[in-house]
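As a plain string of letters, each chain reads:
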Amino acid sequence: MADGSIGLWTVPLAVLGGAIRVSTPFLFVSLGECITERSGRINLGLEGTLVMGAMSAYGISYLSGSPWLGVLAAGITGALLGALHAGICSLPRVNDVAVGIALMLFGTGLAFYLGKPLIEPTAPRLPAIDFGWWSDIPQVRAALRVNVLFLIGVALAPVLYWAFRTTRWGLLIRTAGESSDAARAMGHSVLLIRLRATMVGGFLAGIGGSFLSLFYPGSWNEGLSSGQGITAVALVIFARWDPLLCLWASLAFGGAAALGPALQSVGVTSGYHLFNAAPYILTLAIMIITCSPKRTLTGAPAELSITR
Amino acid sequence: MTTETADSAAAVGTVAPAADPGFLQRHGSTIEYVLIPGAAVVGALAVFGVFVMLFGKNPLDLYFYMYQGAFGTWFSWQNTLTRAAPLILTALCTALPAQLGMVIIGGEGALLMGALSATSAALALQGLPPLVIQIAMVCAGVIGGGLWIMLSGALRQYRGVNETISSLLLVYIALAILNHLVEGAMRDPASLNKPSTREIGAANMIGTIPGTDVHWGLVFGLIAAIAAYILIYHTVFGFAARVAGGNIRAAKIVGLGVTKLILTICFLAGGAAGLAGMVEVAAVQGRTNANLAAGYGFTGILVAFLARQNPLAIIPVAILLGGISASGGLLQRRLGLPDASVLVLQGIIFVFVLASDALYGRIGFLKGKS
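From a predicted model like this one, the values you see are computed outputs, not experimental measurements.

Bringing the overall build of chain A into the picture now. Of regular secondary structure, chain A possesses 14 helices and two strands. The C-alpha atoms of chain A give a radius of gyration of 20 Å, which matches the 19 Å a tight globule of 308 residues would have. Considered along the principal axes of its C-alpha atoms, chain A spans approximately 70 × 45 × 35 Å. The buried share of chain A, reckoned over its 308 residues, is 55%.

Bringing the overall build of chain B into the picture now. Check the secondary structure of chain B and you find 16 helices and zero strands. Here chain B has a C-alpha radius of gyration of 21 Å; the compact-globule value for 370 residues is 21 Å, and the two agree. Structurally, chain B occupies a C-alpha span of about 65 × 60 × 40 Å along its principal axes. Per-residue burial for chain B yields a buried fraction of 53% across its 370 residues. When contacts within chain B are restricted to residue pairs at least 6 apart in sequence, long-range pairs at least 24 apart make up 76% of them.

As for its placement among the helices and strands, Ser179 of chain A is situated in the loop between helix 8 (168-178) and helix 9 (180-185). C-alpha of Ser179 of chain A to C-alpha of Gly75 of chain A: the two residues are 104 residues apart in sequence and 29 Å apart in space.

What follows deals with the domain arrangement of chain B. Where the parts come together, the accessible area they lose is often given as the size of the interface. Residues and elements named next belong to chain B. Under the domain assignment, chain B is made up of domain 1 (1-57 + 338-370) and domain 2 (87-336). Measuring from the centre of the C-alpha atoms in domain 1 to the corresponding centre in domain 2 gives 28 Å. Tallying the contact residues gives 14 residues for domain 1 and 13 residues for domain 2. Contributions of two or more residues to the side of domain 1 that touches domain 2 are made by helix 3 (28-54) and helix 16 (341-355). Take the side of domain 1 that touches domain 2: its biggest share by element is eight residues, from helix 16. Across the side of domain 1 that touches domain 2, the residue classes tally to nine nonpolar, three polar and two charged.

Moving on to the nonpolar core. Considering soluble globular proteins, one finds that nonpolar side chains tend to be buried as a cluster. Residues and elements named next belong to chain B. Counting residues in each nonpolar core, the largest one holds 228 residues, and the members touching the most others are Ile88, Ala91, Leu92, Val303, Ile314 and Ala318. Per-element tally for this core: the top contributor is helix 12 (residues 258-285), with 17 residues. Two domains each donate at least three residues to this core, and these are domain 1 (1-57 + 338-370) and domain 2 (87-336).

Looking now at the interface of chain B and chain A. Contact residues are listed per partner, giving 38 residues for chain B and 40 residues for chain A. Contributing elements (two or more residues each) for the side of chain B that touches chain A: helix 7 (130-159), helix 8 (163-183), helix 13 (296-306) and helix 16 of chain B.

Moving on, we get to the confidence of the model for chain B. Detailed reading of predicted coordinates is not advised where the pLDDT is low. Residues and elements named next belong to chain B. Per-residue pLDDT for chain B has a mean of 89; in total, 92% of the residues score no lower than 70. Taken together, the stretch residues 1-18 has pLDDT below 50 and engages in 25 contacts with residues farther than four places along the chain or on a different chain. This complex was scored by the predictor with a pTM of 0.88 and an ipTM of 0.89.

Of all residues in chain A, 96% have pLDDT values of 70 or greater, and the mean over the chain is 88. Here helix 6 (residues 138-143) of chain A stands out as the element of chain A with the lowest mean pLDDT, 76, in contrast to helix 4 (residues 67-89) of chain A, whose mean of 96 is the highest.

With that settled, the discussion passes to the environment of Ile324 of chain B. Residues and elements named next belong to chain B. In this structure, Ile324 sits in helix 14 (residues 311-326). Considering only alpha carbons, one finds Ile324 and Ala358, 34 residues apart in sequence, at a separation of 25 Å. Every residue in contact with Ile324, bar those within four places of it in the chain, is listed here: Ala70, Val342, Leu345 and Gln346.

So, about unusual backbone geometry. Of note, the amide linkage connecting Tyr216 of chain A to Pro217 of chain A takes the cis form, showing an omega dihedral of 0 degrees. Summarising the element assignment, Pro217 of chain A is placed in the loop between helix 10 (190-214) and helix 11 (228-238). For Arg240 of chain A, which is not glycine, the phi dihedral falls at a positive 55 degrees. Tracing the backbone through its elements, the reader meets Arg240 of chain A in the loop between helix 11 and helix 12 (243-265). Of the residues examined, Arg240 of chain A has 15 C-beta atoms within 10 Å and is grouped as partly exposed. Phi is positive for Arg308 of chain B, which is not a glycine, with a value near 50 degrees. With respect to the secondary-structure elements, Arg308 of chain B resides in the loop between helix 13 and helix 14.

Residue and element names in this part refer to chain B. Mapping Ser196 onto the fold places it in the loop between helix 8 and helix 9 (217-234). Ser196 gets classed as buried once you count the C-beta atoms within 10 Å, which come to 22. Here the alpha-carbon distance between Ser196 and Gly184, two residues twelve residues apart in the chain, equals 9.6 Å.

What follows covers the packing of helix 3 (residues 46-64) of chain A against helix 5 (residues 96-115) of chain A. Residues and elements named next belong to chain A. Their axes nearest at 7 Å, the elements helix 3 and helix 5 cross at an angle of 15 degrees. Viewed along their axes, helix 3 and helix 5 adopt a mutual orientation that is roughly parallel. Here helix 3 and helix 5 pass one another in a crossing that is left-handed. Across the interface between the two elements, Glu47, Gly48, Thr49, Val51, Met52 and Met55 of helix 3 pack against Leu103, Met104, Leu105, Phe106, Gly107, Thr108, Leu110, Ala111, Leu114 and Gly115 of helix 5. Tallied by class, residues from the contact of helix 3 with helix 5 come to ten nonpolar, five polar and one charged.

Residues and elements named next belong to chain A. Taking 1.5 Å as the rise per residue, helix 1 (residues 10-21) with twelve residues should run 16 Å; its terminal C-alpha atoms sit 16 Å apart, in good agreement. What helix 1 keeps buried is the set Ala14, Val15, Gly17, Gly18, Ile20 and Arg21. As for helix 1, its buried residues are in contact with helix 2 (23-38), helix 6, strand 2 (145-147), helix 7 (148-166) and helix 12.

Further remarks concern the packing of helix 5 (residues 74-98) of chain B against helix 12 of chain B. All names here are of chain B. Interaxial distance between helix 5 and helix 12 falls to 8 Å at its minimum, and their mutual angle equals 165 degrees. Judged on the interaxial angle alone, helix 12 and helix 5 are roughly antiparallel. Crossing of helix 5 over helix 12 shows left-handed handedness. Within the contact between the two elements, helix 5 uses Ala85, Pro86, Leu89, Thr90, Leu92, Cys93, Leu96 and Pro97 and helix 12 uses Ile265, Cys266, Leu268, Ala269, Gly270, Ala272, Ala273, Leu275, Ala276, Val279 and Glu280.

On to helix 4 (residues 59-72) of chain B, then. Residues and elements named next belong to chain B. Inspection of helix 4 places Leu62, Tyr65, Met66, Gly69 and Ala70 among the buried residues, and these make up the whole buried set. Angularly, the buried residues of helix 4 cover 120 degrees about the axis, an arc narrow enough to put them on a single face. On the buried face of helix 4, the contacting elements are helix 3, helix 5, helix 14 and helix 15 (328-335).

Calculation criteria
Residues numbered from 1 in each chain as written. Chains lettered and ligands numbered in written order. Predicted model: local features only at pLDDT ≥ 70, side-chain atom pairs only at ≥ 80, totals over all residues. Helix = DSSP H or I, 4+ residues; strand = E, 2+ residues; numbered from the N terminus. Rg over C-alpha atoms; globule rule 2.2 N^0.38 Å. Buried ≥ 20, exposed ≤ 12 C-beta atoms within 10 Å, placed from the backbone. Contact = placed C-beta atoms within 7 Å. Domains from an automatic or database assignment. Nonpolar A, V, L, I, M, F, W, Y, C, P; charged D, E, K, R; others polar. Core = buried A, V, L, I, M, F, W, Y, C linked by C-beta atoms within 7 Å. pLDDT = per-residue confidence, 0-100. Axes fitted to C-alpha atoms, helices over the stretch in contact; angles between N-to-C directions. Parallel < 35°, antiparallel > 145°, perpendicular 65-115°, else oblique. Left-handed = near helix turned anticlockwise from the far one by under 90°. Expected span 1.5 Å × (residues − 1). Arc of directions from axis to C-beta.

Structural data, given as structure tokens:
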């Protein structure tokens, strides 16, 4: 089959490819945020963490020549930003939503500042696994080039689901999120639990950022993330704080985000920008459908300020 | 510069007791509102100084050029005030809903929608007298921005959608709509490299305050901030809003129309940011294009928090932050710092200001008999 002869099939294929490729940052950020929010705190700063992760991953990969070292650096950067968030939030009378906004601005600013010298050079990228080897069609092969991080993310979702239900750590996080008094009565420090949950959340969000700069789109520039972090935070809300639903929602988002470029590739150029905004419109639409002013959301951690 | 804030705060703290020993205790909370954010800004500047020191720059040079670029000359003052104008308006977009306990961070989106509406109005009315067009632009800008944030308020009230997240999502949607129209239906065929709408016409621009290079947008901002202050602190409506912000159940029990309060306040908040968009079109850009998304909406959030959501305090804080962004160019030229250094400093200030919330009511010498 010759190149381009598959016609309109390009669109669903590109959406499928997008669901796999574009969804990875959504997946990591939403799983990270899921852990943080289950502990009773919301970190809106993951947008900044994502960008910082992307920048540090690219920088370390460029300097060391190893993209995996870059991924690790992104995770550590994210964990440090998470620790900063948790540290400030543990002061009395400090609002976690506001701190998140501040860290969103701080993280993006710092990443742009430190990332200035990184716009030019090319860093080693993460390898991909070719799942499309059986096909002759280049579009199919392109859609099925899957990054290892995506597979890790997919595996992480059921692991987290299981961990929240059965492990000691999962129960502690949920206790802190449902009733900080209960956690305190059991002799645990709520602040410490939340610190760890926010750091793990930041670690995952940082790794999500490393995917942006080291695989897709695969370079560092200042327009790399436009709201993926905040979309992922919203995604956690309508995934009902359930890691498995986070996975499905991320896939849907990746597909929606790939719709604009896919339609452009078959010649539908009008409305390009509107299709690019599809993930945000989708988020808003789903929030409008699933939220209700009458009751708090099912599955919402009771200590969470944002669902009041 | 910031040292001024700290100096004036220190002056209040040191001079006053001689005149009246009880002064500190009686005005403790007011002094706190100046002293604590001032100290937070000074702390943030110190941390930023250490930060640039790590890159081999002299922090004293940094402070000197920041002062020069922000307030050192008449030219820099005018630059600062020009940037402060939209900041006052976008800060109101966060500060007004904050009276109701809402955290709206979508000022940037309202600014873009205001700019788009104002431009549409001007282009539709071409040929009419400039004053008519300018008034129409103000109305269109306020309505465009106002409805945009009112949407967030309505979603919160009728559907329980969190307003922080919805308002931020609406920023990206507004940007997409703007790009869509600017590159499509409203595009000026003559704008090749930078897709833009047609120009609103030089005669319809609002111009500058006589004797300065500062445009009239600053006056719009001052009027809006003072009006917001009067509305919140000296009217029944504002009192009702603050009651609802303090305790929404109490407000419902005494029969306040909470829905009406939320929608009105959100409309006014968005209207202020929309006016900022109108000002940027009618005084600076002359047309609508992607340049308008310059981040005034996001800096406005910081201004509102630094001013502790007080509409009057927003004015000096907006001038301070306008000064910081005005000094960015000089820092780039003289010290070779990247343009993002202003963003880093803003982020550090924001973090310090929020962390300083923990200090209220804990400063020993301000307590005493209450």
